[in-house]
Amino acid sequence: MDLVEEIESLLQNGSNCSLPVLLDSLKSVVTQKICTTETVTADLIDLEFLEDVKNIISYENIPVFFGKTLRDIKCIILDERLREHPIFIMYKGPKKLIISSVVLPHSPLQDREYTSLEEIITAFKKHVDSLSTYFHELERIDRFCTIMEPVEPTFKDDYRRILLDDRIWLHVEVTPEGLASNIHLVGQSELWSNKLQQGLLSWDHDKEIIENIMTVFDLVNFPAGSRKSSTTTTISDDRPMIEPSLCGICLCAELPESPGIPLPLCPNPPCGVYFHRNCLFQWLVACGGGRPPPFGVATGSCPACLESIACCERDD
Amino acid sequence: MIAGARMARLAREVKNFETKPPWGISCQPEKEDCYDVLTVTLLGPKGSPYEKGTFKLTINIPEKYPFEPPLVKFTTPVYHPNIDKGGRICMDMLKMPPKGGWLPTITLETLLVSLQTLLANPNPDDPLMMDVANEYKYDIDTFLENARKHTEKHAVGTG
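Chain B carries the name UBC core domain-containing protein in an unreviewed UniProt entry, which gives Loxostege sticticalis as its organism.

An unreviewed UniProt entry annotates chain A as RING-type domain-containing protein of Loxostege sticticalis.

In structure tokens, the structure reads:
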């Protein structure tokens with residue numbers, strides 16, 4: 001039996017044995033049958049890498065999954081609170097591994113090459129451990145607040161837009177150290193913005209972000225999504241998921257080319273129409289004769305209720 | 001970004017006409033999946049001299065839609081103070097502000113329903129056809145008679 005056939009039969013019959021066992025038998029086949037120069041074997045099967053995968057599975061006890069090809073690898077790292085953090089790795093060649101994606105905010109760890117899986121795991125374990133406060137803060141926010149944006153929040157998104165009332169959201173960014181930053185309101189309301197201005201002075205970084213928000217805005221609990229029930233669907237874990245409202249201009253929720261979801265941008269309380277910032281800005285500029293407005297702030301009247309409205313080109 | 005928003009919005013609007021069409025209005029793209037030109041069939045409103053008629057229109061969607069109003073024109077001749085012989089329509093909603101009342105929140109559906117309303121309720125104070133407007137103002141019976149005959153001749157049984 002030639003080598004290719006042997007490996008094929010091994011792979012076909014291998015579905016009922018575990019990955020380490022399979023890798024072991026693969027290794028024995030390869031070492032027995034192949035005795036060409038090192039460079040050639042390296043191109044065909046990287047024994048060192050198979051060894052590396054085996055070690056990770058059996059000694060580190062980290063689950064390893066393969067994707068479409070054996071070059072796409074997923075490992076799951078558990079942190080001290082048993083949160084699962086998947087890492088997607090790509091095998092580029094012998095001693096050349098890169099991270100294709102992680103469900104964490106971008107870090108320099110993603111921009112370099114690694115020589116072994118073990119090296120990646122060690123680096124990320126450390127990284128994940130350093131983010132423990134970050135995870136905790138986001139988890140608390142996600143648990144108690146209605147998150148308007150991101151639509152499906154993960155640890156990759158280091159910001160949350162929290163529903164305060166139908167027309168006002170609070171934007172909070174969380175630093176890797178777990179501190180709140182760039183806190184501001186989305187939507188216009190004197191009441192909420194006065195509370196925020198005063199509250200920011202007494203913000204206590206020793207307390208949880210969620211606690212601070214409750215103190216600043218004098219909340220006992222956070223409002224639940226108050227959208228029409230028809231747009232509220234329930235996902236598997238029984239947490240109501242709110243679909244973003246449609247933009248009154250393009251009639252869409254999310255546009256592929258422009259980021260962001262429709263926001264309650266009109267300051268007139270009875271007007272409940274949401275707009276994409278970009279759509280509203282373009283309309284106000286078109287009404288003003290198409291010239292770019294001074295200071296990037298376009299003014300005019302709301303296309304839904306006709307009350308005066310202003311809109312910046314960019315968020316915050 | 002305009003191109004994507006325009007396409008997405010038009011696709012949604014045209015689909016809405018299929019799934020829940022307003023009374024007496026149908027609207028389809030002239031060529032499938034190209035939303036630059038739409039053709040509309042509009043039934044004359046009940047209780048008006050146009051009620052037996054079926055009117056055809058074309059809508060040209062400008063590049064900058066919905067930041068500019070669509071260009072709407074009757075292809076079936078209409079006897080009406082606000083619609084001229086070439087099918088052009090004098091309606092506030094179809095003009096860009098500050099002179100006109102176009103808003104990007106107006107959908108094709110709203111627009112066509114308003115057009116149906118305009119058929120039933122002419123606005124003789126902002127006329128496109130002076131003589132027809134005067135007839136409507138000062139000799140309503142003749143106007144109704146003429147409009148009915150005109151509809152019968154051009155908009156009934158013409159498919």
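*Asks:* Before we go on, may I ask you to explain the sheet that holds strand 1 (residues 64–66) of chain A in this structure?
*Replies:* Sheet strands associate in pairs through backbone hydrogen bonding, adopting either a parallel or an antiparallel arrangement. Residue and element names in this part refer to chain A. Spatially, 1-2-3-4 is the arrangement adopted by the 4 strands of the open sheet, whose pairing is antiparallel. Where the open sheet ends on each side, the last strands, each with one partner, are strand 1 and strand 4 (96–102). With direction set aside, neighbouring strand axes in the sheet form an average angle of 30°. The pairing of strand 2 (residues 72–78) with strand 3 (residues 84–93) spans 7 bridges and is classified as antiparallel. In the strand pairing of strand 3, Lys 74 is matched with Phe 88. The strands touched by helix 4 (residues 47–58) are strand 1, strand 2, strand 3 and strand 4; relative to strand 1, the strand with the most contacts, the crossing angle is about 135°.

*Asks:* Would you explain the interface of chain B and chain A in this entry?
*Replies:* When the parts of a complex come together, some accessible area is lost, and that lost area is often taken as the interface size. Listed per partner, the contact involves 17 residues of chain B and 19 residues of chain A. For the pair chain B and chain A, the two sides together bury roughly 1500 Å², of which 74% comes from carbon and sulfur. In this assembly, chain B and chain A are joined by 0 salt bridges. Summed over the shared surface of chain B and chain A, the result is 3 residue pairs in polar contact (both at pLDDT 80 or more). A breakdown of the residues in the side of chain B that touches chain A according to their chemical character gives 11 nonpolar, 3 polar and 3 charged.

*Asks:* Explain the sheet that holds strand 1 (residues 25–31) of chain B here, please?
*Replies:* Residues and elements named next belong to chain B. As summarised here, the arrangement of the 4 strands in space is 1-2-3-4, forming an open sheet in which the pairing is antiparallel. In this open sheet, the two strands that pair with only one neighbour each are strand 1 and strand 4 (71–74). Direction aside, the axes of adjacent strands within the sheet are offset by 25° on average. Across the sheet, helix 2 (residues 108–120) touches strand 1, strand 2 (34–43), strand 3 (54–60) and strand 4, and the angle it forms with strand 2 is around 35°.

*Asks:* Looking at this model, I keep getting lost on the nonpolar core. Mind explaining?
*Replies:* Within soluble globular proteins, side chains that are nonpolar tend to cluster in buried spots. One finds Phe74(B), Ile89(B), Leu112(B) and Leu115(B) to be the most contacted residues of the largest nonpolar core, which totals 65 residues. Looking at which domains feed residues into this core, each of domain 2 (146–242) and domain 3 (244–316) of chain A supplies at least three. Leave out the neighbours within four places in its chain, and Ile89(B) touches Leu57(B), Val72(B), Lys73(B), Phe74(B), Asn82(B), Ile83(B), Leu94(B), Leu115(B), Leu118(B) and Leu128(B). Counting residues in each nonpolar core, the second largest holds 56 residues, with Leu23(A), Ile99(A), Val102(A) and Ile141(A) among its members.

*Asks:* What should I look at first to understand helix 4 (residues 140–155) of chain B in this one?
*Replies:* Because an α-helix packs 3.6 residues into every turn, residues spaced three or four apart end up facing the same way. Residues and elements named next belong to chain B. Compared with an ideal rise of 1.5 Å per residue, which puts 16 residues at 22 Å, helix 4 spans 21 Å between its outermost C-alpha atoms and is within 8% of the ideal. Inspection of helix 4 places Phe 143, Ala 147, Thr 151 and Ala 155 among the buried residues, and these make up the whole buried set. Along the axis of helix 4, the buried residues cluster in a sector spanning 65°; they form a single face. Every exposed residue of helix 4 that faces more than 90 degrees away from the buried side is listed here: Asp 141, Lys 149 and Lys 153. Looking at the buried residues of helix 4, the elements they touch are strand 3 and helix 3 (130–138). In the stretch just after helix 4, Gly 157 is the one whose phi turns positive, near 65°.

Calculation criteria
- Residues numbered from 1 in each chain as written.
- Chains lettered and ligands numbered in written order.
- Predicted model: local features only at pLDDT ≥ 70, side-chain atom pairs only at ≥ 80, totals over all residues.
- Heavy atoms only, no water.
- Pairing = 2+ DSSP bridges.
- Helix = DSSP H or I, 4+ residues; strand = E, 2+ residues; numbered from the N terminus.
- Axes fitted to C-alpha atoms, helices over the stretch in contact; angles between N-to-C directions.
- Contact = heavy atoms within 4.5 Å.
- Buried area = accessible area lost by both parts, 1.4 Å probe.
- Salt bridge = Lys/Arg side-chain N within 4 Å of Asp/Glu carboxyl O.
- Polar contact = N/O pair within 3.5 Å; in protein donor to acceptor, adjacent residues only side chain to side chain.
- Nonpolar A, V, L, I, M, F, W, Y, C, P; charged D, E, K, R; others polar.
- Core = buried A, V, L, I, M, F, W, Y, C linked by side-chain atoms within 4.5 Å.
- Buried < 20%, exposed > 50% of the residue type's maximum accessible area, 1.4 Å probe, protein only.
- Domains from an automatic or database assignment.
- Expected span 1.5 Å × (residues − 1).
- Arc of directions from axis to C-beta.

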